[in-house]
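Here's the letter readout for the chains.
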Amino acid sequence: MRAGRFVLTAFCAAMFASMLSGCATPIVLSDLTEINRLELMKQAKAEREAYEKTEAIVLATEDALHQAAPNEALNWEFASEAAKRAAEGTIDLYRLEAAAGYAKLREIRTNLALQQVQQELAHKDWNIVELGILALLSAPIAAKAKAEAEKAEAARFSPESVAAADVALNSANTALSAAVNVLQQAAPREWAVRLTAVAERDIAWAALNQAVDLIAKGQNVNPVPPESVVVFQLDADIPKHVKIGVLIGRNGGKTRVLNAMRKRAGELGENALIFSITNLPGKYFEYRGTIIRISEETEDRE
């Protein structure tokens, strides 16, 4: 009986150790493999040509509009330029506000990071000389962040100037709307053609930017929290999407690999993942995650 218990205990211990070793094994994710990069380059080239073509149509309709109603078109141009200048001024002010805020945030984060490092070092066996050297090394980092914040703060515009810019923008937009109404009544057919041409140009511009963004693999994007990355199975009803790339995962259990893939997709700024498992002969399971982007504007693209 004792021998049986001993064997059973040893077996359970071995199983437990095996489980622990499995959990400790690092997950291996392949580098993101782009899907059809050459096709994306062709697509971007075609969409650039489409944009240039629609831009030419817009310019042609502008000329037709000037010929049909020259005075009204001229007034509309003046109002449009005024609105554009007012908008640029307002945007510049808000950019300065944002820059000041970001600089201040960097200063706060830098100080918090340095405080955390100091707290961790306080629990370790560092002597006074070593701590002093570390403090001297970290001081320039904090000083630089503070200087950037102060510089941005000095360039920041006052709330009054932001409000004044908004008033100027609203006034310019009011004048622009009035000029548009008069021009539309003076040359309704040409105006309708122009609106259609502008819409087609804007659609082509959006498509071009999307293609360029795909080629860049979303390097400069806003991260998505892993928990916000939706997971689909291969046989699921997947919405229209754009395929970004493929990840191959090995080691670890299904949940750990899936979480790692969702994290990677989120880092790329993408919001969905198609997950599948393959049992390869002579090997363990191989996990495949196709990173995709889902939005209302996208169509299925390889």
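This text goes with the structure placed above it.
Since the structure is predicted, the reported quantities are computational estimates derived from the model, not experimental observations.

About the thresholds
- Residues numbered from 1 in each chain as written.
- Predicted model: local features only at pLDDT ≥ 70, side-chain atom pairs only at ≥ 80, totals over all residues.
- Heavy atoms only, no water.
- Buried < 20%, exposed > 50% of the residue type's maximum accessible area, 1.4 Å probe, protein only.
- Helix = DSSP H or I, 4+ residues; strand = E, 2+ residues; numbered from the N terminus.
- Pairing = 2+ DSSP bridges.
- Expected span 1.5 Å × (residues − 1).
- Contact = heavy atoms within 4.5 Å.
- Salt bridge = Lys/Arg side-chain N within 4 Å of Asp/Glu carboxyl O.
- Core = buried A, V, L, I, M, F, W, Y, C linked by side-chain atoms within 4.5 Å.

A. Structural detail: the pairing of strand β4 (residues 242-250). In terms of burial, β4 is a largely internal element, 7 of the 9 residues being buried. The pairing of strand β1 (residues 28-29) with β4 spans 2 bridges and is classified as antiparallel. Within β4, the residue paired with V28 across the bridge is R250. Sheet analysis places β4 next to strand β6 (residues 285-293), joined by 7 bridges and oriented antiparallel.

B. Just helix α7 (residues 254-267), in detail. When the terminal C-alpha atoms of α7 are compared, their 20 Å separation across 14 residues agrees well with the 20 Å that a helix rising 1.5 Å per residue should span. For α7, the full list of buried residues reads V257, L258, A260, M261, R262, A265 and G266. Tucked into the core, α7 has its buried residues touching β1, β3 (230-233), β4, β5 (272-279) and β6. Phi turns positive, to about 80 degrees, at G269, one or two residues after α7.

C. Fine view of the pattern of salt bridges. With the rule as written, the count across this model stands at 6 salt bridges. Note that E190 and R189 form a salt bridge whose closest N and O atoms lie 3.2 Å from each other. The class of E190 is buried, set by a relative accessible area of 17%. Owing to a relative accessible area of 59%, R189 belongs among the exposed residues under this scheme. Measuring nitrogen to oxygen at the nearest pair gives 3.5 Å for the salt bridge that ties E267 to R264. Here E267 pairs with R264, and both are found in helix α7, just 3 residues apart, close to one helical turn. In the salt-bridge network here, residues are joined through shared partners; they are E55, R201 and D202.

D. Looking closely at the nonpolar core. Counting 15 residues, the largest nonpolar core has L32, M261, L273 and I291 as the members making the most contacts within it. Mapped onto this core, the elements with two or more residues apiece are β4, α7, β5 and β6. No other element matches α7, which puts 4 residues into this core. If sequence neighbours within four positions are ignored, I291 has contacts with L32, V242, K243, I244, G245, L247, A265, L268, E270, A272 and L273.

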